[in-house]
Structures are given as structure tokens and as C-alpha cells.
Amino acid sequence: MPFSIEARKDTVCGVSGKPFRGVRLRIVSQQARWMLEEPQRERSHRGSGVVAFFRGFLRSPEQVGSVVPSSRFLEQRLVRLAGVGQARCVVELGPGTGGTTRALLAGMPADAKLLTIELDARFAELLSEIDDPRLISHTGSAAELGEILDLHNLPAPDAVVSGIPFSTMPRQIGNAVLEAVRDRLAPGGVFVAYQFRGHVGRMGREVLGQPDIEVEALNVPPMRFFKWVRG
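Residues numbered from 1 in each chain as written. Predicted model: local features only at pLDDT ≥ 70, side-chain atom pairs only at ≥ 80, totals over all residues. Heavy atoms only, no water.

## Overview of helix α8 (residues 199-207)
Taken residue by residue, α8 has Val200, Gly201, Met203, Gly204 and Val207 as its buried positions. Against α7 (171-184), β7 (190-195) and β9 (223-229) lie the buried residues of α8. (Buried < 20%, exposed > 50% of the residue type's maximum accessible area, 1.4 Å probe, protein only. Helix = DSSP H or I, 4+ residues; strand = E, 2+ residues; numbered from the N terminus. Contact = heavy atoms within 4.5 Å.)

Quick look at the structure:
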């Protein structure tokens, strides 16, 4: 994680206990600085999200890929790679506490739809707090993507994004998720999975072919993005 050093004049106490004018050095996390520069409302969303995300990790570590939610840099890269600005229907698998969900909604057209599929019922409750008519929140398994799309009368998605941890789920379930994405993605549609580990890349090659890979370092932990485009 990048750090910077700040220097400022201040009154400090020396070994003798007598005050003197000196320079105080303070090491500042660059990511903490960026968080301080965010709007107050956004910081409050992230603050509550950190607590909820950590509780979710303790509750079901095999279902949550990290102990902290995504950074805004990860969210911005996700929106760009998925190309949601031109999408009619977007699906998010494993939205967690909703940080990426808000970012996707902010980048989507006014007449688009976003379907979130979250296995953790408590995370799904947090998503219900997002007041946006384009959002459809569903509690269930990403392996049932086709049935869920039909249930909500949604077309083939132009973009599917996933934050679910393929490295901790049984391989047969992971393959079922990838196959469901392959079968229901619109022609020319995009599938983007962001992961700390590379399991989804190896599994996805067998089902979807070779992915494009990018890395977002400004996140804790750094995340890899695996992108497939349906030909």
C-alpha cells in the first residue's frame, strides 16, 4: 500500500521535557488520504459497509472474498471493464454490502436494469436500502442465473460482473456458475470477475476461453480482473 510522509512545524517535548519548535513527521496511508477526500455520504456508506462486510466474513468466510469491501478505484475499473454505460441489462453476482452495486447504477443508462444475486440474506437486506427503481435484488445462488433471469422477466444480460470467491467454493458449483453465465450472456456480452486469487481464470478457460487480465493495486487486497467477451 503506498504511503506518504507529511512534515509540519509543531511544538514538541524533547528528552529534557522542555518544549521546542521542531518538525513532526507523520506517515499517512495514501488510501486513507483518498478516503478522507471522498464526499461525506460516500464515506458513511463505506464505513457501515466495512463493519457489515467483516461480520459477513466471520459468519461465512467461504462466501466472502475479503474482510473489507472494495475501494472506489476497484469500483471504477469494474464499471469501465464491464461497459455498463451501454448496457440494457446488467447482473451482479455476490454484490456484498452494495458498494459495487451503487457504482454500477451510477454508470448505467436510466432505462437499464441491474439484477443482483446475493447468497447471504443479511447482505441482501443492505441492498434493499438502495433506492433505485432499476435495481432488482434477489437472494439465491449464482448457479441458478438462468432461472432467476426468467423469474424476473429479464433479457440476456449485456454484462455480468462477479465478486464471489471461486477459490473457496466447491469446483462443481463454480463450474455451474460459469456455465450459467456462458449460456445466458447476450452475444457480444461481457463477463468480468474480480478476484484476489486466480482460480476463476483457470476454471474459466475451460468454459469461456482465454480471459483478458488486469490488476487493480489500489485496493485491499489488490484485485485481479478476468474479462471474457462472448463472441
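## Focus on the pattern of salt bridges
Under the criterion given, the structure shown has 7 salt bridges. Between Arg171 and Glu206 there is a salt bridge, with its nearest N and O atoms 3.1 Å apart. A residue pair is termed long-range when its members are at least 10 positions apart, and Arg171 in helix α7 and Glu206 in helix α8 qualify at 35 residues. Note on Arg171: relative accessible area 43%, which makes it partly exposed. Overall, the relative accessible area of 59% leaves Glu206 in the exposed class. Through salt bridges with shared partners, a single ionic network connects Arg77, Arg80, Glu214 and Glu216. (Salt bridge = Lys/Arg side-chain N within 4 Å of Asp/Glu carboxyl O.)

## A few points about the pairing of strand β5 (residues 135-139)
Judged from the 5 bridges that link them, strand β4 (residues 113-118) and β5 form a sheet pairing that is parallel. Within the sheet, the bridge partner assigned to Leu114 lies in β5 and is Leu135. (Pairing = 2+ DSSP bridges.)

## A closer look at the nonpolar core
If you look at soluble globular proteins, the nonpolar side chains tend to sit buried side by side. Core analysis: the largest hydrophobic core is formed by 27 residues, its most contacted members being Val91, Leu93, Leu115, Phe166 and Phe191. Secondary-structure elements contributing two or more residues to this core are β3 (89-93), β4, α6 (145-151), α7, β7, α8 and β9. Among the elements that take part in this core, α7 stands out by supplying 4 residues, more than any other. Leaving out residues up to four positions away in the same chain, Leu93 has contacts with Ile117, Ala142, Val160, Val161, Ser162, Gly163, Ile164, Val177 and Val181. (Core = buried A, V, L, I, M, F, W, Y, C linked by side-chain atoms within 4.5 Å.)

## Observations concerning the environment of Val215
Within the secondary structure, Val215 is located in strand β8 (residues 212-216). C-alpha of Val215 to C-alpha of Phe225: the two residues are 10 residues apart in sequence and 6.0 Å apart in space. In contact with Val215, other than residues within four places in its own chain, are Arg77, Met223 and Arg224.

## Here we look at the sheet that holds β4
The sheet built from 7 strands is open, its strands ordered β5-β4-β3-β6-β7-β9-β8 with mixed pairing. Each edge of the open sheet is held by one strand with a lone partner, namely β5 and β8. Across this sheet, the average inter-strand angle for adjacent strands is 15°, counted without regard to direction. In this structure, β3 lies alongside β4, joined through 5 bridges in parallel fashion. Looking across to β4, one finds that Val90 is bridged to Leu114. Where helix α4 (residues 99-107) meets the sheet, it contacts β3, β4, β5, β6 (159-162) and β7, and its direction lies at approximately 170° from that of β4. (Axes fitted to C-alpha atoms, helices over the stretch in contact; angles between N-to-C directions.)

## Things to note about the packing of α7 against α8
The interhelical angle for the contact between α7 and α8, taken along N-to-C directions, is 55°, at an axis separation of 10 Å. When the interaxial angle is binned, α7 and α8 end up oblique. The two elements α7 and α8 meet at a crossing, and its hand is right-handed. Between α7 and α8, the contacting residues are Arg171, Gly174, Asn175, Leu178, Glu179 and Arg182 on the first element and Val200, Met203, Gly204, Glu206 and Val207 on the second. Of the residues contributing to the contact of α7 with α8, the split by class is 4 nonpolar, 3 polar and 4 charged. (Parallel < 35°, antiparallel > 145°, perpendicular 65-115°, else oblique. Left-handed = near helix turned anticlockwise from the far one by under 90°. Nonpolar A, V, L, I, M, F, W, Y, C, P; charged D, E, K, R; others polar.)

## Some remarks on the environment of Arg184
With respect to the helices and strands, the residue Arg184 is situated in helix α7. Given a relative accessible area of 23%, Arg184 falls into the partly exposed group. In this structure the C-alpha to C-alpha distance between Arg184 and Val160, which are 24 residues apart in sequence, comes to 9.7 Å. Not counting the four nearest positions on each side in its chain, Arg184 is found in contact with Leu145, Gly146, Leu149, Asp150, Ala156 and Pro157. Among the polar contacts made by the side chain of Arg184, one reaches the main-chain carbonyl oxygen of Gly146 at a distance of 3.1 Å. (Polar contact = N/O pair within 3.5 Å; in protein donor to acceptor, adjacent residues only side chain to side chain.)

## Quick notes on α7
Two residues of an α-helix separated by three or four positions point the same way, owing to the 3.6 residues in each turn. Along its 14 residues, α7 runs 20 Å from first to last C-alpha, staying within 8% of the 20 Å computed at 1.5 Å per residue. Where α7 is concerned, the buried positions are Gly174, Asn175, Val177, Leu178, Ala180 and Val181. Lining the buried residues of α7 we find β3, α6, β6, β7 and α8. (Expected span 1.5 Å × (residues − 1).)

Read these as geometric descriptors, not functional statements.
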